[in-house]
Amino acid sequence: MKVELLAPAGDLEKLKTAVLYGADAVYMGGTSFSLRAKAKNFDEEQMKEGIDFAHSHGVKVYITCNIYAHNEDIDKVGDYLVSLEKLGADAVLISDLGVFAIAREVVPNLEIHISTQANNTNYRSAKFWLDNGAKRIVMARELSVKEIKELHNRVPEAEIESFVHGAMCISYSGRCLLSNYLTGRDANAGACSHPCRWEYFVSEKTRPGEYMPIVEEERGTYIFNSKDLCMIEHIPELIDAGVYSFKLEGRMKTPFYVATVTSAYRKAIDDYLEDPQKYESNKQSYVEAVSKASYRGFTTGFYYGKPTDEDQVYTTSAYIRNYDFVGLVKKCEDGFITVEQRNKFSVGDDVEIIQPSGNVLKMTINEMYDEEGDRIESAPHAQQSVKIKIENTVEYFSMIRREAE
Ligand code: SF4
C-alpha cells in the first residue's frame, strides 16, 4: 500500500527541507494566481530549480493556481499554465471553474488537483470533477472521516488528498471576508492578514476609545482562534477511509517547522506501513516530535464530528513554542559542523540536532569558532557562520534546536 506525504514549500529553502526530510511530494505557489501571496512564492527560475531539485530526489511538485479568478485574470491564466507544464510541474491545484476549463483546453495532459478552496464536500462533486478531467480532489476541511470514506467508496477512482496537520481557518474552507473587510486584503486572492487571530473588544458608538472586553467564561477574547489540526495519531483511520495524500499545511511557516513536522509524519506513516503494532506503541513519540515545532494546541478538526469550544483557544493567539531553531548545518567535516546561525546560541547550551533521516542527536556545545577560526563563546549574529566541534557525523541540512526558556 502506498500513501503520499505532501509537504509545503513556501520558498526554495523550505522546498529543499521538505524534500530532504521525507516528503513524497511538495506543493508551492508561483508568483501568479496562487493563494498565500505572503509566502515568498517562486519566480520562474526558482521554480525550475525547485522542480529539478525535487525530481532529482524522486519527489513530485504540485503548483497552486487556486485563486478565484476575476475577468482581468482570465487572459493571462492560459500562458501561465503552459509555462508550468514546460517547467515540469507534476500537477496544478485549481479551484475556479473558469481556470479549470482553461487548463483542460491549453494543458490537457497536465494533471489537475481540485483545491480545498473549491469546497469539495460530497461524492457527486468529486465525480463531476473526475468526469471532467481532474485526477485528485483535496477534501474540504469540514468533512468527517466517515464522510471521506463514503466518498471514497462511491468514487473509488478519485485520488483523495486531505489536510492532516497545521493551522485551521475558522471560516468555511477559506470562504472568508474578515481580512477583506477589516484590512482590504483578499484572503481568496492569497493576501489574508489573519484577523481571526486578533483580540477583539466591543466599542460603543458614543464612547470612542472605550473598549469593553468580550469575555467568554473569563478565559479571554480570541473568539475566532482555532487550535491547529493534528492527525498524527489517526493515520490508520485516514488510510482506511481512502486518503491517499497526507497534506501538511504551512507554506508560510519556517524551514524548521517544515523539517520537524515532515520528519514526524514520515516516521509515523512508515512505521504504520511497516508494522501497525509498532505505530501504536510509538504514538506518543510522534505527538512529542510534532510538538517541537510551534503550534496553537491540537485538535482533530471536523474528522470526528463538529468542533466544540474545546477546539478553540480563547486565551491567546500566541504559539506554544517548546523549542527554538538555532542553526542550520551546512557542512560536516574533520570533526566540525559548519552552522548557519538562526537564533543566538552559546558554548554550554544543550541542543538537539534533528537530521533529514529522522535521527535526533543530543549534545552540549563545548567548542565553537568563527569564520576567521577564532574561538568564540556565542553566536549572536543572524546568519553568522560558525564551526562547532562534534564527535558524531551529522547529515547535511540538519537543524539544531534548543529547548525554549
Ligand atoms: S482571517 Fe482567518 S479564517 Fe479568515 S481566511 Fe484568514 S486565516 Fe482563514
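Conventions and cut-offs
Residues numbered from 1 in each chain as written. Predicted model: local features only at pLDDT ≥ 70, side-chain atom pairs only at ≥ 80, totals over all residues. Heavy atoms only, no water. Helix = DSSP H or I, 4+ residues; strand = E, 2+ residues; numbered from the N terminus. Buried < 20%, exposed > 50% of the residue type's maximum accessible area, 1.4 Å probe, protein only. Contact = heavy atoms within 4.5 Å. Domains from an automatic or database assignment. Buried area = accessible area lost by both parts, 1.4 Å probe. Polar contact = N/O pair within 3.5 Å; in protein donor to acceptor, adjacent residues only side chain to side chain. Salt bridge = Lys/Arg side-chain N within 4 Å of Asp/Glu carboxyl O.

A.B. asks: Just checking my understanding: could you explain the environment of Lys60 for this structure?
C.D. replies: The topology assignment puts Lys60 in strand E3 (residues 60-64). Residue Lys60 is classed as partly exposed on the basis of its relative accessible area, which comes to 41%. Once the C-alpha coordinates of Lys60 and Leu20 are considered, the two residues, 40 residues apart in sequence, prove to be 13 Å apart. Leaving out residues up to four positions away in the same chain, Lys60 has contacts with Asp24, Ala25, Val26 and Asp90.

A.B. asks: Would you take a moment to explain the domain arrangement of the protein for this structure?
C.D. replies: Often the size quoted for an interface is simply the accessible area lost on bringing the parts together. Per the domain assignment, the segments making up the protein are domain 1 (4-172 + 225-311) and domain 2 (323-403). The interface is formed by 11 residues belonging to domain 1 together with 14 residues belonging to domain 2. The junction of domain 1 with domain 2 conceals about 1,200 Å² of combined surface from both sides, 66% of it contributed by carbon and sulfur atoms. Looking only at domain 1, the three residues that lose the most surface to domain 2 are Tyr21, Phe256 and Lys292, adding up to 55% of its buried area. Seen at the junction of domain 1 and domain 2, the total is five residue pairs in polar contact (both at pLDDT 80 or more). At the level of secondary structure, the elements contributing two or more residues to the side of domain 1 that touches domain 2 comprise helix H1 (12-20) and helix H9 (255-274). Here the side of domain 1 that touches domain 2 takes five residues from H9, the largest share from any one element.

A.B. asks: Can you help me understand the pattern of salt bridges in this one?
C.D. replies: Where charged atoms from two side chains of opposite charge approach closely, those side chains can pair. Considering all chains together, one arrives at 28 salt bridges under this definition. For Glu161, the salt bridge goes to Lys247, with nearest N and O atoms at 2.9 Å. Here Glu161 is found in strand E7 (residues 159-166), whereas its partner Lys247 is found in strand E11 (residues 243-248), with 86 residues between them in sequence. When sorted by exposure, Glu161 lands in the same class as Lys247, which is buried. A salt bridge links Lys362 to Glu352, with the nearest nitrogen and oxygen atoms 3.8 Å apart. With a gap of 10 residues between them, Lys362 in strand E17 (residues 360-364) and Glu352 in strand E16 (residues 350-354) connect regions that are remote in the sequence. Overall, the relative accessible area of 67% leaves Lys362 in the exposed class. Taken together, the shared-partner salt bridges connect Glu4, Glu111, Lys135, Arg136, Glu159, Glu161 and Lys247 into one network.

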